[in-house]
Amino acid sequence: MKKSIARTLAIGAALAALAAPLTAQAHRAWLAPTATVLSGSDAWVGFDAGMSNGVFIPDHAAMNLAGLVITAPDGSTAAPENMMRARYRSSFDLHLTQAGTWRVANVMSGVVVSYKENGEQKRWRGTEAEMAAAIPAGATDVSATRSDSRIETFVTLGAPSTTALAPTGKGIELVPVTHPNDLVAGEAATFKLVRDGQPAADLDVTIARGGTRYRDNPEEMTVKTGADGSFTVTWPEAGMYWMNASVRTPAEGTQMAASAQYNGVVEVLP
Amino acid sequence: MRKLTLALSATAAAAVAGPALAADLTVSVEIPRLSGASYHRPYVAVWIERPDNIAVRTLAVWYQQTANNEGDGKDWLKDMRTWWRRGGRAMTMPADGISSATKAPGRHTVSLPGARLRDLPAGQYVMVVEAARELGGREVVRVPFRWGGANTARATGSTELGAVSVTVTR
């Protein structure tokens, strides 16, 4: 009995690590840089990635960075250094060797299938290609959901650029109208959300500032994206901000259900 | 008939005995109904302080009594920051007659017979109620009252707590 609970928990934790953004009660996933605006011929930036209730407060779970993709200002892919996984956060460094804006993203996608086999509820997660082989023939009540999750942030050496910010066309992505490394307290910024390359209209975007341990009010904001997927936020004060949006679409015909989640971190300077 | 009489007299006796056994100190705490995507019931602590902010007695602590896959309920007692610093961290939870499960939005009362406060000298005190909520805010409401003579005092929170009243009946 104890063993089966332990196993269930282990599987649950593994699924949670992969599928964290899928559940409504999920902790917030954040990938936070130590600095976003840098000068000089090269620079180093550190990153912490975790999942917790209070954004940037590592007190719950380290993030699995299996999907880490770092895009350099020229569009090439760069590698992280000094990667380590602590109890409550994963950390790595990035050596900025090119001027311009770098996109640092943990991108995960896959399919979650829940089904019953001999009356027992089961869950499987993997890629769409493996799905057919992995689900037993006798399975009933099969419900499959495609999920796309993007957890990202941006850092700039020198002047901001946009090559690295080009959307990939998969999941929810942030398209800058205002550059994400050009944000100032008291000023308005506009971003556009796209889902699979198309404007993501009518999404709720939650915006939370870090540092909740040092104040009593969470001071969160929610804005809605317009028909063109854009939303505007006026930053009430300087700080590191977390932005989140998620969407689910039910299955339709041969199209399986789909969910997508976006978590972005931007820094607002005074 | 006889049974009924007995029952009646038992009720009558309870009514008569009521004041002697009933609470001599009652704190009423209102937990407001808040809307939001992920509402969790707040952790709440109720304690008595002297006017110089020295905590003298914790009367109630409402927190998650069990462990779940996120941790043990006691892991977040420290989020009631003021209570934690002034008294909570020196206590052991659960505590008989003090700790209990979190409460739903609505009015809740904490009642004590005077006997449980017999070592509390008469004088001016402050009833402090602190609420802290997961993915929510934190608020402390302070209600000055007098111990040693009937009086009523009240105050109202603005975010995480509603009306708080203190009634001393003797």
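Procedures and definitions
- Residues numbered from 1 in each chain as written.
- Chains lettered and ligands numbered in written order.
- Predicted model: local features only at pLDDT ≥ 70, side-chain atom pairs only at ≥ 80, totals over all residues.
- Helix = DSSP H or I, 4+ residues; strand = E, 2+ residues; numbered from the N terminus.
- Rg over C-alpha atoms; globule rule 2.2 N^0.38 Å.
- Contact = placed C-beta atoms within 7 Å.
- Buried ≥ 20, exposed ≤ 12 C-beta atoms within 10 Å, placed from the backbone.
- Core = buried A, V, L, I, M, F, W, Y, C linked by C-beta atoms within 7 Å.
- Nonpolar A, V, L, I, M, F, W, Y, C, P; charged D, E, K, R; others polar.
- Pairing = 2+ DSSP bridges.
- pLDDT = per-residue confidence, 0-100.
- Axes fitted to C-alpha atoms, helices over the stretch in contact; angles between N-to-C directions.

Student: Let's hear about the overall build of chain A: which residues, and what values?
Tutor: When helices and strands are counted, chain A shows 2 helices and 19 strands. Over its C-alpha atoms chain A spans a radius of gyration of 19 Å, differing by no more than 12% from the 18 Å that the globule rule assigns to 270 residues. Considering only C-alpha atoms, chain A reaches an extent of 60 × 40 × 40 Å along its principal axes. In chain A, of all internal contacts separated by at least 6 residues, the share reaching a separation of at least 24 is 65%.

Student: I'd like to hear about the overall build of chain B, residue by residue, with values.
Tutor: Of regular secondary structure, chain B possesses 2 helices and 11 strands. Overall, chain B shows an N-to-C arrangement of helices and strands of α-β-β-β-β-β-α-β-β-β-β-β-β. In chain B, which comprises 170 residues, the share counted as buried stands at 27%. Expressed as a percentage of contacts within chain B between residues at least 6 apart in sequence, the contacts between residues at least 24 apart total 58%.

Student: Let's hear about the nonpolar core: which residues, and what values?
Tutor: Ranked by internal contacts, the top residues of the largest apolar core, which has 51 residues, are Trp30(A), Leu31(A), Phe47(A), Leu94(A), Leu193(A), Tyr241(A) and Val265(A). Considering every element that reaches this core, the biggest residue donor is strand E19 (residues 257-268) of chain A, with 6 residues. Phe47(A) has contacts with Leu31(A), Ala32(A), Pro33(A), Ser91(A), Phe92(A), Leu94(A) and Val104(A), leaving out every residue within four places of it along the chain. Ranked by size, the runner-up nonpolar core spans 32 residues in total, among them Ile31(B), Trp62(B), Val126(B) and Ala131(B).

Student: Account for the interface of chain B and chain A, naming residues and giving values.
Tutor: Listed by partner, the interface residues are 9 residues for chain B and 7 residues for chain A. Grouping the constituent residues of the side of chain B that touches chain A by class yields 1 nonpolar, 5 polar and 3 charged.

Student: I'd like a description of the pairing of strand E1 (residues 28-33) of chain A, backed by residues and values.
Tutor: Residues and elements named next belong to chain A. Extensive coverage of E1 is indicated by the burial of 6 of its 6 residues. Burial along E1 is two-sided: the residues Arg28, Trp30 and Ala32 and Ala29, Leu31 and Pro33 are all buried. The sheet contact formed by E1 and strand E3 (residues 43-52) spans 6 bridges and is antiparallel. For alanine 29, the partnering residue across the bridge sits in E3 and is methionine 51.

Student: Can you tell me about the pairing of strand E15 (residues 204-209) of chain A, naming the residues and giving the values?
Tutor: All names here are of chain A. Summarising the sheet, E15 and strand E16 (residues 221-224) pair through 4 bridges and their orientation is antiparallel. Across the sheet, residue isoleucine 207 finds its bridge partner in E16, namely methionine 221. Pairing of E15 with strand E18 (residues 239-249), which is carried by 4 bridges, proceeds in the antiparallel orientation. Among the inter-strand pairings, alanine 208 is bridged to a residue of E18, identified as tryptophan 242.

Student: Kindly report on unusual backbone geometry, identifying the contributing residues and their values.
Tutor: Here the residue pair Met93(B) and Pro94(B) is connected by a cis peptide bond, since its omega of -5 degrees sits within 30 degrees of zero. Inspection of the secondary structure assignment puts Pro94(B) in the loop between helix H2 (81-86) and strand E6 (99-100). The phi dihedral of Asp141(A) is positive, around 50 degrees, even though this residue is not glycine. Note on placement: Asp141(A) falls in strand E11 (residues 140-157). Judged by the 10 C-beta atoms lying within 10 Å of it, Asp141(A) falls in the exposed class. Of note, Asp196(A) is a non-glycine position whose phi angle comes to about 50 degrees, a positive value.

Student: If you had to explain the sheet that holds strand E3 (residues 55-62) of chain B to someone new, which residues and values would you point to?
Tutor: Residue and element names in this part refer to chain B. If you walk across this open sheet you meet the 5 strands as E6-E3-E2-E8-E9, and the pairing is mixed. Looking at which strands have only one partner, the edges of the open sheet turn out to be E6 and strand E9 (138-147). Of the strand pairs in this sheet, strand E2 (residues 43-49) and E3 are connected by 6 bridges, and their pairing is antiparallel. By the bridge assignment, alanine 45 is partnered in E3 with valine 61.

Student: Residue-level account of the confidence of the model for chain B, with values.
Tutor: Residue and element names in this part refer to chain B. Across chain B, the average pLDDT comes to 88, with 86% of residues at or above 70. Contacts from residues 1-20, a stretch scored under 50 in pLDDT, to residues over four places away or in other chains number 0 contacts. Both scores are available for the predicted complex, with the pTM at 0.82 and the ipTM at 0.72.

Student: Can you break down the environment of Trp62(B) residue by residue, with the values?
Tutor: Following the sequence through the fold, Trp62(B) ends up in strand E3. Taking the C-alpha atoms as reference, Trp62(B) lies 8.1 Å from Pro42(B); in sequence the two are 20 residues apart.

Student: Pulling in residues and values, what's your account of the environment of Val46(B)?
Tutor: Along the chain, the position of Val46(B) falls in strand E2. In sequence terms Val46(B) and Val27(B) are 19 residues apart; their C-alpha atoms lie 8.6 Å from each other.

Student: Please give an account of the confidence of the model for chain A that cites residues and values.
Tutor: Predicted confidence across chain A gives a mean pLDDT of 90, with 90% of residues reaching 70 or more. This stretch, residues 1-25 of chain A, has a pLDDT under 50; its non-local contacts, to residues over four places away or in other chains, come to 24 contacts.

Student: Report on the sheet that holds strand E11 (residues 163-168) of chain B, specifying residues and quantitative values.
Tutor: Residue and element names in this part refer to chain B. One open sheet accounts for 4 strands, arranged E7-E1-E11-E10; its pairing is antiparallel. If you trace the sheet from one side to the other, it starts and ends with strand E7 (106-112) and strand E10 (151-156), each paired once. Each adjacent strand pair in this sheet contributes to an overall mean axis angle of 15 degrees, direction not counted. Bridging between strand E1 (residues 25-31) and E7 involves 7 bridges; their strand directions are antiparallel. In the strand pairing of E7, glutamate 30 is matched with arginine 107.

Student: Which residues make up the environment of Gly229(A), and what are the values?
Tutor: All names here are of chain A. Assignment of secondary structure puts glycine 229 in the loop between E16 and strand E17 (230-234). Distance from glycine 229 to leucine 31, taken between C-alpha atoms, is 23 Å for residues 198 residues apart in sequence. Apart from residues no more than four positions distant in its own chain, glycine 229 is found in contact with Lys192, Leu193, Val194, Pro199, Ala200 and Ala201.

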